[in-house]
Amino acid sequence: MRTNFLRALVAPLLAVFCLAAAAQAPQPPEVAAKSWLLYDMSANQVLAARDADSPVEPASLTKLMTAYLVFDALRAKKIDLKQALPVSERAWKMPGSRMFIDPKMQVPVEDLIKGMIVQSGNDATVALAEGVAGSVERFVELMNQQAKALGMKNTGYKNVEGLTAPGHTTTARDLSILASRLIQEFPDYVGYYAIKKYRYEGTPTTNDTNRNLLLFRDPTVDGLKTGHTEAAGYCLIATARRDFPNLKGRRLIAIVLGAQSEAARANEAQKLLNWGYTAWEGIKLFEADQAVVEPVIWKGTEKTVKLGQPQPIVLAVPAGQAGKLKTQVARPDPLVAPIRKGQPVGTLKVLAGDKVIHEVPLVALAEVPQAGIFSRAWDAVRLWIQ
């Protein structure tokens, strides 16, 4: 399994955590679902959740991991969008939601992706899994390996499509990890999740509509996936991207699991998204690669080192509280070369009054090699005098 370079870039931001007391956070709405979670992807913060670590059946939300591996195979050029894949007897006979393809067809990968995402076709999903890994069983092994690599600690896959099976479970928190990584890592392919209607030529015209009702209600919603089985209930991962004067493209992800109906899962997800955008304010503290602080460094080829993050440092705070924030930087002193690019060097602390509410690790934005022997000796003397 190839580890994407982007993982190394975003890993430090995954250390961002919220220390605000529950009493200070906005009260979330009542959500009629077994479990749910609202994630601010721009700030990398969970804004609210209920039973986020309780095991649930994912139903067709399983197909997000299937898509992750298919997109990864496309990126690695193991398959091509125009490549036609055969439809096996196994794929053809899959129960549940279907694209309605059969063994007489050779279907392009791109059409199979649309069939898996828009129509939630179990037949398309199996055809893709067989085309990427050679067999469904091998593909399931890859799904579990990737879940582990992403840090989805409470997820186990038994199939590629999401039909009920013993041990085929996940959690709202794990799904937030998968959804956010899918969006981060595959910007060239996640646009498929915004397609409202699609059907493959020669298949029923009545089977062409995306079941994500929010795509038809809210123009800022551009994904992500629905799921339903009798055991799982009605599930939806909805994501929206909205622009604000102080933060363009703020993205939230609402995860609703075990709702009572197709309409209910859409209504509850919409409720969470609207609450997240109104009750919480997104604040961009620093741009990507912007120096938060530039302290002196000793015994190096440079006199200072820039500390920051390779991604924008964004914070979600209760609406109206942004003007009350202060920042502090904690770091070792003195800093002594060599320091490699990306090396953790300090911490940006965000305070509301005297209380630390967030911490973000700071890394060196550029390498500072060790200076020559005479420069190091001179700095050693200066340090001793200090």
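Note that the structure is predicted; figures quoted are calculated from it, not measured.

(A) Molecular detail of the packing of helix H2 (residues 63-75) against helix H7 (residues 172-185). Where H2 meets H7, the axes come as close as 10 Å, and the angle between the chain directions of the two elements is 25 degrees. Accordingly, the angle class assigned to the pair H2 and H7 is roughly parallel. As H2 packs across H7, the resulting crossing turns out to be left-handed. Contact residues: Leu-64, Met-65, Ala-67, Tyr-68, Phe-71 and Arg-75 in H2; Leu-178, Arg-181, Leu-182 and Glu-185 in H7. Broken down by class, the residue content of the contact of H2 with H7 amounts to seven nonpolar, no polar and three charged.

(B) Region of interest: the environment of Val-70. Relative to the helices and strands, Val-70 resides in helix H2. In the structure, Val-70 is positioned 55 residues away from Thr-125 in sequence and 9.8 Å away in space, judged by C-alpha atoms. With residues near it in sequence (within four places) discarded, Val-70 still touches Ile-79, Ile-113, Leu-128, Val-132 and Phe-139.

(C) Representation of the nonpolar core within the structure. Met-65, Phe-71, Leu-112, Ile-113, Tyr-193 and Ile-237 are the most contacted members of the largest nonpolar core, which totals 66 residues. Every element with two or more residues in this core is listed here: strand S2 (35-40), H2, helix H4 (109-117), helix H5 (122-133), helix H6 (136-150), H7, strand S7 (233-244) and strand S8 (247-259). Of the residues forming this core, the biggest block, nine residues, is contributed by H2. If near-sequence neighbours (up to four positions away) are discounted, Leu-112 is found in contact with Leu-85, Met-99, Ile-101, Val-107, Ala-124, Ala-127 and Leu-128. Membership of the second largest hydrophobic core comes to 29 residues, among which are Val-221, Ala-254, Ala-259 and Ala-264.

(D) Seen up close, a nonpolar patch on the surface. Side chains of Trp-378, Val-381, Trp-384 and Ile-385 sit close together on the surface and give an oily, nonpolar patch of about 550 Å² of accessible area. Among the secondary structure elements, Trp-384 is positioned in helix H10 (residues 373-385). The exposure class of Trp-384 is exposed, given its relative accessible area of 73%.

(E) Region of the structure containing the side chain of Arg-242. Here Arg-242 shows up in strand S7. A distance of 2.9 Å separates a polar atom in the side chain of Arg-242 from a polar atom in the side chain of Asp-218. A distance of 3.1 Å separates the side chain of Arg-242 from the side chain of Thr-220, its partner in a polar contact.

Thresholds applied
Residues numbered from 1 in each chain as written. Predicted model: local features only at pLDDT ≥ 70, side-chain atom pairs only at ≥ 80, totals over all residues. Heavy atoms only, no water. Axes fitted to C-alpha atoms, helices over the stretch in contact; angles between N-to-C directions. Helix = DSSP H or I, 4+ residues; strand = E, 2+ residues; numbered from the N terminus. Parallel < 35°, antiparallel > 145°, perpendicular 65-115°, else oblique. Left-handed = near helix turned anticlockwise from the far one by under 90°. Contact = heavy atoms within 4.5 Å. Nonpolar A, V, L, I, M, F, W, Y, C, P; charged D, E, K, R; others polar. Core = buried A, V, L, I, M, F, W, Y, C linked by side-chain atoms within 4.5 Å. Buried < 20%, exposed > 50% of the residue type's maximum accessible area, 1.4 Å probe, protein only. Patch = residues over 30% accessible without salt bridge, like charges linked within 9 Å, V, L, I, M, F, W, Y side chains within 5 Å. Areas by Shrake-Rupley, 256 points an atom, 1.4 Å probe, with all protein chains shown as cover. Salt bridge = Lys/Arg side-chain N within 4 Å of Asp/Glu carboxyl O. Polar contact = N/O pair within 3.5 Å; in protein donor to acceptor, adjacent residues only side chain to side chain.

All quantities given are derived from atomic positions and should not be read as evidence of function.
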